[in-house]
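These are the residues of each chain, in order.
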Amino acid sequence: MIRDTSGQDVVVSQRRPYRKWLVIGSGLLLVTALGWAYSSWQQSAGTDSTVSRQALAFGTARVGDIKRDISVQGRVVAANSPTLYSPAQGIVSYLIKAGDSVKKGQVLATVKSPTLTNQLKQEQANLARMQGEADRQQIQAKRDAVENQQAADLAKVDLTAADREMRRAEQSWQKRVISELDYEKAKDELARAKLRSHQAKENARLAIQMATVETKNLKLQVQRQALLVADLQRQADELRVTSPVNGMVGSLALNQQSAVSAYQALLTVVDLSSFEVEAMVPESYSDDLGLKMPVAVNVNGHDWQGEVAAISPEIKDNQVVARLRFKDKSPENLRQNQRLTARILLENLNHVLAVPRGAFIDSGQGRSAFVVRGDKAIRTAITLGAVGSQNAQVLSGLKAGDQIITSDTSRFKDQNTLLITH
């Protein structure tokens, strides 16, 4: 019996072709990994630290405009909020309540002052009496003038008669018709008549001057008394306290029917047509503040233009109080003590090299920044100028197009070169 060759045969499994390519791929991957590791080692060998790009923020230096401003918090205050006072001692009666809207000239309160009213009546009576005395003095002056003039005229008549008698006596003496004694007597009578005539004229003139002076003095006294009465009348009229502006009653200083003294505060009126913002500015910006600086006040999401109207000369709690005034008109529906945010423009620079503002300014004190060169960031000395809310001016160290790290770099304070990984 002839046997087959099945006993000599060995079963060999069929080789699959993908194993060959698997080995080749693994080899290429290993070579690539080794190359990447070598390249990374070469890169990291020249750096001080490695940091992920996702952990950093970047900015690019560009030519643009910088607005150096500060954000401040403030509250709305009335630019015109007069306080009304009592003109005299008395009892106050309010005709309004706090919060009421009032018009200019509207009576807000009355003060009942019997003392002032009585004093006004007394001085009015004194004025009437003095006016009567002035009128009487004028009549008396005219009467005295007439009497003095009459005396002067009579003295003149006596002088004429004495002069005539003297001429007759001279003729008689020449003819020796009268004695020498009669002649001398005629001469004496003429001299006496001249003296009386002269004195009468002087008395009339002086009487007129005296009457003029006395009349003038009485008129001045009447004028003085009239001024006193006018002032008292003004005070009496002010017992009806009126509003000086269109606005709203802010607060009442006293209760209804309270006793008040002269010049005691009664109430305040808020002028609703004129508002300002009282802002608190940090002390560090006090030297930069100036009058007329532009201001943007945010009211309900809308910016209203204004300016710095006043700056307090003193510093309290490390802050300076500044008054901000709206330029064109005040926003509607503002309320006293309403909180608002405003930005004060300290400086405006145009066409300067600037970088985005970031934490790197505080980290490097504005003296250095990490400039990105490919996958590396190299610390570079820079000089910053004005620092705004969004950008900072670059005076030296950078050029337009340079990319820098703008995030906090305080952890790299002792390192000069960083490797930025993906």
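Quick caveat: nothing in here was measured; it's all calculated off a predicted structure. The written sequence of each chain sets the order in which its residues are numbered from 1. Only residues with pLDDT of at least 70 get local features here, since the model is predicted, and only at 80 or more are side-chain atom pairs given and counted; chain-wide, interface and lining totals rely on the full set of residues. Values reported for side chains reflect all heavy atoms of the structure, with hydrogen atoms and water molecules removed beforehand.

Right, let's talk about the overall build of the chain for a bit. Numbering of helices and strands starts at the N terminus; helices are DSSP runs of H or I of at least 4 residues and strands are runs of E of at least 2. Helix and strand counts for the chain stand at four helices and 22 strands. Throughout, exposure labels follow a simple rule: accessible area from a 1.4 Å probe, protein chains only, divided by the maximum for the residue type, with under 20% read as buried, over 50% as exposed, and the rest as partly exposed. In the chain, buried positions account for 33% of the 422 residues. Only the protein chains shown count as cover for residues, and the accessible areas themselves come from Shrake-Rupley with a 1.4 Å probe. By element, 51% of the accessible surface of the chain is carried by carbon and sulfur atoms, the whole surface being about 27,400 Å².

By the secondary structure assignment, S86 is in the loop between β4 (83–85) and β5 (90–94). S86 gets classed as buried once you look at its relative accessible area, which sits at 1%. Residues are treated as being in contact if the distance between any of their heavy atoms lies within 4.5 Å. For S86, the residues in contact, after removing those within four places along its chain, are V111, V260, S261, A262, Y263, Q264 and L266.

Moving on: the environment of E238. Within the element layout of this structure, E238 appears in the loop between α3 (180–237) and β8 (240–242). Residues E238 and P87 lie 151 residues apart in sequence; the distance between their C-alpha atoms is 6.3 Å.

With respect to the helices, strands and loops of the structure, L353 is situated in strand β16 (residues 339–356). With relative accessibility at 16%, the residue L353 sits in the buried group. With 48 residues separating them in the primary sequence, L353 and G401 have C-alpha atoms 9.9 Å apart. Every residue in contact with L353, bar those within four places of it in the chain, is listed here: A61, R62, V63, A392, Q393, V394, L398, K399 and A400.

Space inside and on the surface of the protein is sampled on a 1 Å grid over the protein atoms alone, with a cavity defined as a set of points where a 1.4 Å probe fits but cannot get out and a pocket as an open set with protein on both sides within 12 Å along at least 5 of 7 lines; lining residues have an atom within 4 Å of a point. Grid points are joined across faces, edges and corners, and a volume is the space filled by probe spheres set on the points. Counted as a void, the largest pocket has a volume near 320 Å³. K67, D69, A296, R343 and L345 are the residues nearest the centre of the largest pocket, which is lined by 18 residues in total. Elements represented by at least two residues in the lining of the largest pocket include exactly β3 (62–78), β13 (294–299), β14 (302–316) and β16. The element best represented in the lining of the largest pocket is β16, accounting for five residues. As a working rule, the residues Ala, Val, Leu, Ile, Met, Phe, Trp, Tyr, Cys and Pro are called nonpolar, Asp, Glu, Lys and Arg charged, and the rest polar, with Gly in that last group. Grouping the amino acids of the lining of the largest pocket by side-chain chemistry returns seven nonpolar, six polar and five charged. The computed volume of the second largest pocket comes to approximately 200 Å³. R68, D69, I70, Y285, R357, G358, I361, D362, V387 and G388 are the residues that line the second largest pocket.

Before going further, it helps to examine the sheet that holds strand β10 (residues 259–260). Through backbone hydrogen bonds, the strands of a sheet pair up, either in parallel or in antiparallel fashion. Strands were regarded as paired on the criterion that DSSP finds at least two bridges between them. Spatial ordering of the open sheet is given by β8-β7-β5-β10, a layout of four strands whose pairing is antiparallel. Each edge of the open sheet is held by one strand with a lone partner, namely β8 and β10. Pairing of strand β7 (residues 107–112) with β8 involves three bridges; the strand directions are antiparallel. When the bridges of β8 are listed, T110 appears paired with R240.

Within soluble globular proteins, side chains that are nonpolar generally end up buried alongside one another. In this structure, V92, Y94, L108, L266, L267 and V269 are the most contacted members of the largest nonpolar core, which totals 28 residues. Every element with two or more residues in this core is listed here: β5, β7, α2 (114–174), α3 and β11 (265–271). Excluding anything up to four places from it in sequence, L266 contacts L84, Y85, S86, V92, Y94, V111, V241, L252, A253, L254 and V260. By nonpolar core is meant a set of buried Ala, Val, Leu, Ile, Met, Phe, Trp, Tyr and Cys residues that side-chain atoms within 4.5 Å join together. Formed by 23 residues, the second largest nonpolar core is a distinct cluster that contains V76, M293, A322 and A342.

Turning to the packing of aromatic side chains, a few remarks are in order. A ring pair, where both rings are aromatic, is described by two values, the distance of the centres and the angle of the planes. Centres within 6.5 Å are what make two rings of Phe, Tyr or Trp a pair, Trp counting through its six-membered ring; a difference in plane orientation under 30 degrees is then read as stacked, over 60 as edge-to-face, and the rest as tilted. In this structure the tally under the stated criterion is one aromatic pair. With a centroid separation of 6.2 Å and 80° between ring planes, the pair formed by F370 and F412 is classed as edge-to-face. Here F370 is found in strand β17 (residues 368–373), whereas its partner F412 is found in the loop between β21 (403–405) and β22 (417–421), with 42 residues between them in sequence. Classification of F370 as buried rests on a relative accessible area of 2%. For F412, a relative accessible area of 4% gives the class buried.

Relative to β16, β3 is paired through 13 bridges, and the arrangement is antiparallel. Opposite G64, over in β16, you have V352 as the bridge partner. Here β13 runs beside β16; their pairing, made up of four bridges, is antiparallel. Bridge pairing in β16 links V295 to I344. Relative to strand β20 (residues 391–396), β16 runs antiparallel, the two being bridged by three bridges. Paired with V355 across the bridge in β20 is A392.

The next subject is the packing of α2 against α3. When two helices pack together, their arrangement is given by the angle between their axes and by how far apart the axes lie. It is at 7 Å that the axes of α2 and α3 come closest, and there the two elements cross at 170°. Classified by the angle their axes make, α2 and α3 are roughly antiparallel. Two packed elements cross with a definite hand, and for α2 against α3 that hand is left-handed. Along the lines of polarity and charge, the residues of the contact of α2 with α3 split into 31 nonpolar, 15 polar and 15 charged. Angles here are taken between N-to-C directions and fall from 0 to 180 degrees, while the axes themselves are lines fitted to C-alpha atoms, restricted in helices to the stretch in contact. Roughly parallel means an angle under 35 degrees; roughly antiparallel means over 145; roughly perpendicular covers 65 to 115; every other angle is labelled oblique. Each crossing is labelled by how the near helix is turned from the far one, with a counterclockwise turn of less than a right angle marking it left-handed and a clockwise turn marking it right-handed.

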